[in-house]
Amino acid sequence: MTRKASRCKHRAILAVDPCSAPGDNLVVQTLSAKQLALAKKRAGRLSGRNRTGGFALATSTRGLDTPVTSGAPVGSRIQERLERLEQAIESGANHLLSLQVDAGYWVGELEADTTLESDYIYYLHVLGKADPERIAKLANYVRQRQLADGGWSIYPGGPSELNATCKAYFALKLAGDPQDSPHMTQARAAVHRLGGLEHTNSYVRFYLALVGAVGWDLVPAILPELMLLPNWFYLNIYEMSSWTRGIVIPMAILSAVRPDWRLPERAHVDELFCDISNKKAAFDWSDQLISWRNFFLALDRALKLYEKLPWKPLRQRALREAKSWLLQHVERTEGLAAIYPAMMNSIFALIALGHGPDDPLTAREIREFSRFEIEDGDTIRMQPCVSPVWDSCIAMVALEEAGLPPDHPALVKSADWILSKQVLGPGDWQVKNKDAEPGGWVFEFRNDFYPDVDDTAFVLMALQRVKFPEPKRMEAAVRRGIQWLLSMQNRDGGWGAFDRDNNKAFLCNIPFADHNAMIDPSTADVTARVLECLGRYGWPAEHPAVQRGVKFLLQDQCEDGSWFGRWGVNYVYGTGGVLRALETVSLTAKEYCQRAVRWLRTVQKADGSFGESLRSYHEPATKGQGKSTASQTAWGLIGLLAGSDTSDPAIQSASAYLVEQQNADGSWSEDEFTGTGFPCVFYLKYHLYRNSFPLYALARFRNQAQEARQYCALTFQPGEFRLRSGF
């Protein structure tokens, strides 16, 4: 049975002083009758539509009518700060609304490190489309980000990193920078200091081998015969993560075909080796004789011997299978897997297979890939992909929490757009999940083979609070989405991102698995998102799917109470998300949750903020430490709100920080990367995080303080849905 237009109630407290002056402790105080009337009057002025036509909050004073001690002293500053909180929420909501695209969605820039621009310079040369003006603008962007020590980092404030520095050096040589120029000399010295070209990851060496800059003996064997291993076999392509499949299968084609792509003579790289006599240092045996690493290194040597044989009976069949897979997977999507490395590799593979750059199929992929370019003055920078579905559902949830009416045109239009993006066709996830019907959502505009759990859960939460004019269409889509989510639960109780039970850790020792994301196992942050979604739709803590999910979270919790963040930085992200999820199923009073709350308090700064550097992925001792950011402060505040009362000084100081840091236009500023692609390898900056999450956190603080009621269009009886098979 479906219960529509239900209301979700939050606990109440009294009026909150949310914005202290420097050095003040924030306290919960009561309002006299006269002061309560003034607060209501001011709240009333915020109702309706503001003079600019933007959104104005219809602020509830529910929870402020609690009987008070006669004559209780409350300064005018408390009333002023209450109004400042409301104004911050209103201003933040209006700013976010101003960023909505006419079609109904939100999409912010997705920023990464300079390896993308470096690879793009290389890519344009391979294609024979190295337009001097474009190359110059890409090279400008790379040069501008060189560090004082000559290297390039993979995140702002980070140290020089070997792979990024090698790629930048090679790209700038292709762009025409003289090898003996000061910045190139510094870059070369940085490469040597960091270990030399011989210690770069396999993808760096693969791209160099592809154009003859190094020999193929420096590259791990990636044979297309891998395509012939059946899906039931213990090792097959579907035991790799979805993004790895998209990257590696075109590489297998290229590794077999080995096209003769020669770049200018100036592009040699021998000077980047520290020890020219030990170019194969990446293939050195492990000190532990019996280990997965040594097993796969031995296998790699055997496969390289096979590659030298003049007769390979299965090679042509394997290439046909690989090409068939590739051609199938570039359909119903805007480029293979809709991510940068897979798309670039697919274009290279198509050209190697005889589909030149002007072939309609290749030209379409080239056109899709070029959409990642952002031209800005004398520079061009690249995005690794685009995130409209993800950005839209987060923005919707923030605006809903802020008090945007459930039938507001912005929400209805966005819901309509998102409903049109539900994936109802087949995908790779079905290889391990054969009995489930499609129903998930993707991260990008279109990527039908790869709906993901995190997006689907967030989308379902966004849709729940919209009063949509076609309720039957909404309910049908939500039902499909929830059923798909339930079907994707792993045997360990958690959820991964794109596949089910994709967790064979030994595969991480394969030589070409050094991008640190060979598999897609259960993670705390994705599991938390699903549990939050299920809890909001009516699943209790006693439900078997929820119990299994909580069990996984308990096993994954760190001793200090925190949780690791796989897709966001890092322990603040993971811990805040888990606490919010467990709040929806009424578990935050448990000791393990209170331990997490205590951890958040220990890493909160004196000014109320939170900040965590990407160093925490490399050095766990630095967890919870780093430059303060708006998004991470919001995540910390969300976690504290889930596990503590709003009278908690930690909550009040975090909210005060966000209010004080807001810009005049309602936005927040943030230079740091707080998103994660591959831990220790590739990081991201979501440009809308700094606006959506702080708005959500402040609105949630306000709503809990005022016992605000939330509109819920749909809840369900869990018994209406099937659990995943195999449980």
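A brief report on the enclosed structure follows. Note that the structure is predicted; figures quoted are calculated from it, not measured.

Conventions we followed
Residues numbered from 1 in each chain as written. Predicted model: local features only at pLDDT ≥ 70, side-chain atom pairs only at ≥ 80, totals over all residues. Heavy atoms only, no water. Disulfide = S-S within 2.5 Å. Buried < 20%, exposed > 50% of the residue type's maximum accessible area, 1.4 Å probe, protein only. Phe/Tyr/Trp six-rings, centres within 6.5 Å; stacked < 30°, edge-to-face > 60°. Helix = DSSP H or I, 4+ residues; strand = E, 2+ residues; numbered from the N terminus. Lys NZ or Arg CZ within 6 Å of the ring centre and 35° of its normal. Pairing = 2+ DSSP bridges. Salt bridge = Lys/Arg side-chain N within 4 Å of Asp/Glu carboxyl O. Expected span 1.5 Å × (residues − 1). Arc of directions from axis to C-beta. Contact = heavy atoms within 4.5 Å.

**Details of the state of the cysteines**
Next, step 1: Counted under the stated rule, the structure contains zero disulfides.
Next, step 2: A disulfide-free cysteine, Cys166 has its sulfur positioned 9.1 Å from the sulfur of Cys274, the nearest such atom.
Next, step 3: Overall, Cys166 belongs to the buried group, its relative accessible area being 3%.

**Digging into the packing of aromatic side chains**
Next, step 1: Tallied over the full model, the rule gives 43 aromatic pairs.
Next, step 2: Ring geometry for Tyr234 against Phe506: centres 5.6 Å apart, planes inclined by 10 degrees, an arrangement best described as stacked. One end of the pair, Tyr234, is in the loop between helix H7 (202-210) and helix H8 (242-257); the other, Phe506, is in the loop between helix H16 (471-487) and helix H17 (524-536), with 272 residues separating them in the sequence.
Next, step 3: A residue is classified by how much of its surface remains accessible, and Tyr234, at 53% relative accessible area, is exposed.
Next, step 4: Ring centres 5.1 Å apart and planes at 85 degrees place the aromatic pair Tyr689 and Phe693 in the edge-to-face group. Of this pair, Tyr689 and Phe693 both sit in helix H24 (residues 689-705), four residues apart, roughly one helical turn.
Next, step 5: Cluster of aromatic residues (ring-pair linked, three or more members): Tyr120, Tyr122, Tyr123, Phe170, Phe206, Tyr207, Trp216, Trp261, Tyr340, Phe348, Phe369 and Phe372.
Next, step 6: Positioned above the aromatic ring of Tyr141 is the side chain of Arg145, whose terminal nitrogen or guanidinium carbon lies 3.7 Å from the ring centre.
Next, step 7: Over the aromatic face of Phe283 sits the side chain of Lys304, whose NZ or CZ is 4.0 Å from the ring centroid.

**Structural notes on the sheet that holds strand S6 (residues 682-686)**
Next, step 1: Pairing is antiparallel in the open sheet, where three strands are placed in the order S2-S6-S5. Lying at the two open borders of the sheet, with one neighbouring strand each, are strand S2 (110-111) and strand S5 (675-678).
Next, step 2: Where S2 meets S6, two bridges bridge the pair, whose relative direction is antiparallel. For Leu110, the partnering residue across the bridge sits in S6 and is Tyr686.

**Some remarks on the pairing of strand S3 (residues 373-376)**
Next, step 1: Relative to strand S4 (residues 379-382), S3 runs antiparallel, the two sharing four bridges. Across the sheet, the residue bridging to Ile374 is Arg381, located in S4.

**Thoughts on the pattern of salt bridges**
Next, step 1: Applying the stated rule across the entire model yields 44 salt bridges.
Next, step 2: Arg315 is the salt-bridge partner of Glu225, the closest N and O atoms lying 2.9 Å from each other. Here Glu225, found in the loop between H7 and H8, pairs with Arg315, found in helix H10 (residues 315-329); they are 90 residues apart in sequence, far enough to count as distant.
Next, step 3: For the salt bridge of Arg364 with Glu365, the shortest nitrogen-to-oxygen distance reads 3.1 Å.
Next, step 4: A relative accessible area of 23% means that Arg364 is categorised as partly exposed.
Next, step 5: Residues joined in a network through salt bridges with shared partners are Glu401, Arg465, Glu532, Arg536, Arg580, Glu583 and Arg700.

**Side note on the pairing of S4**
Next, step 1: Going residue by residue along S4, you find Thr379 and Arg381 tucked away on one face and Ile380 and Met382 tucked away on the opposite face as well.
Next, step 2: Between S3 and S4, which pair antiparallel and follow one another directly, the connecting turn spans two residues, one of which, Gly377, has a positive phi of 65 degrees.

**Some points on helix H9 (residues 292-307)**
Next, step 1: For H9, which comprises 16 residues, the first-to-last C-alpha distance of 22 Å matches the rise-based estimate of 22 Å (1.5 Å per residue) to within 8%.
Next, step 2: Asn294, Phe296, Leu297, Asp300, Lys304 and Glu307 are the residues of H9 that are buried. Within H9, the buried residues cover an arc of 165 degrees as seen down the axis, which keeps them to one side.
Next, step 3: Those residues of H9 that are buried are in contact with H10.

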